[in-house]
Amino acid sequence: KFCVLAGDAAHAMPPFLGQGGNQAMQDAYMLASKIYEYNEQIQMQQTRASLNGGESEESLVEPNLKSLLKEYEHRRWLPTTSITAKAALLGYLEIGSGIFGNFRDTFFFVMGKIGVAKKVFLDAATPKM
């Protein structure tokens, strides 16, 4: 009846922030929470019906899975979109061309020439004994 997408199936994540797996786990948790909430509503409805002497289920409010799935979508959309945009921007800064690419290339060239790159990367990787 319903098809729900989560993780990269719902939103492919650029790799530049390393957030793809994290976002997929948050999607899965939120989706599982909404399904659990739906199942709790069904169970509560069945319990009420049995306590009311088998009152017909038509007179009780039917749990609405569609609205719970909309809540899932609504709660995950903004954080996921924000992180996707940040990862895409960082990716452009890391591998893009144009003014940002030229700035990046010049910055690292100068840092290499004055020894900052060596101090930061090589010195930090050298064991001190």
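What this report covers is the structure whose coordinates are included nearby.

Reading the values: rules and limits
- Residues numbered from 1 in each chain as written.
- Predicted model: local features only at pLDDT ≥ 70, side-chain atom pairs only at ≥ 80, totals over all residues.
- Heavy atoms only, no water.
- Helix = DSSP H or I, 4+ residues; strand = E, 2+ residues; numbered from the N terminus.
- Contact = heavy atoms within 4.5 Å.
- Areas by Shrake-Rupley, 256 points an atom, 1.4 Å probe, with all protein chains shown as cover.
- Salt bridge = Lys/Arg side-chain N within 4 Å of Asp/Glu carboxyl O.
- Buried < 20%, exposed > 50% of the residue type's maximum accessible area, 1.4 Å probe, protein only.
- Patch = residues over 30% accessible without salt bridge, like charges linked within 9 Å, V, L, I, M, F, W, Y side chains within 5 Å.
- Axes fitted to C-alpha atoms, helices over the stretch in contact; angles between N-to-C directions.
- Parallel < 35°, antiparallel > 145°, perpendicular 65-115°, else oblique.
- Nonpolar A, V, L, I, M, F, W, Y, C, P; charged D, E, K, R; others polar.

## Describing the overall build of the protein chain
Next up, step 1: Looking only at helices and strands, the protein chain has 4 helices and 0 strands in total.
Next up, step 2: Starting at the N terminus, the α and β elements of the protein chain follow one another as α-α-α-α.
Next up, step 3: Pairs at least 24 residues apart make up 63% of the contacts formed inside the protein chain by residues separated by at least 6 positions.
Next up, step 4: Counting only carbon and sulfur atoms, one obtains 64% of the accessible surface of the protein chain, whose full area is about 9,600 Å².

## Comments concerning the pattern of salt bridges
Next up, step 1: By the definition in use, this model includes 5 salt bridges.
Next up, step 2: In this structure, the salt-bridge partner of D27 is R76, at a minimum N-O distance of 2.6 Å. Taken together, the residues D27 in helix 1 (residues 20–51) and R76 in helix 2 (residues 65–95) connect sequence positions 49 residues apart.
Next up, step 3: Its relative accessible area of 1% is what places D27 among the buried residues.
Next up, step 4: Among the salt bridges present, the one from K34 reaches E37, with a minimum N-O distance of 3.4 Å. Here K34 pairs with E37, and both are found in helix 1, just 3 residues apart, close to one helical turn.
Next up, step 5: Given a relative accessible area of 7%, K34 falls into the buried group.
Next up, step 6: E37 gets classed as partly exposed once you look at its relative accessible area, which sits at 30%.
Next up, step 7: Connected via shared salt-bridge partners are K34, E37 and E71.

## With respect to a nonpolar patch on the surface
Next up, step 1: On the surface, a nonpolar cluster with roughly 680 Å² of combined accessible area is contributed by F109, V110, I114, V116, V120, F121 and L122.
Next up, step 2: Looking at the nonpolar patch, the elements that each hand over two or more residues are helix 3 (98–114) and helix 4 (116–125).
Next up, step 3: With 4 residues, helix 4 is the largest single contributor of residues to the nonpolar patch.
Next up, step 4: With respect to the helices, strands and loops of the structure, I114 is situated in helix 3.
Next up, step 5: Overall, the relative accessible area of 57% leaves I114 in the exposed class.

## Notes on the packing of helix 2 against helix 3
Next up, step 1: One can describe the packing of helix 2 onto helix 3 by two numbers: an axis separation of 7 Å at closest approach and a directional angle of 60°. When the axes of helix 2 and helix 3 are compared, the pair comes out oblique. Residue-level inspection shows Y92, L93, E94 and I95 of helix 2 in contact with helix 3, the latter providing G98, F100 and R104.
Next up, step 2: Residues belonging to the contact of helix 2 with helix 3 are distributed by class as follows: 4 nonpolar, 1 polar and 2 charged.

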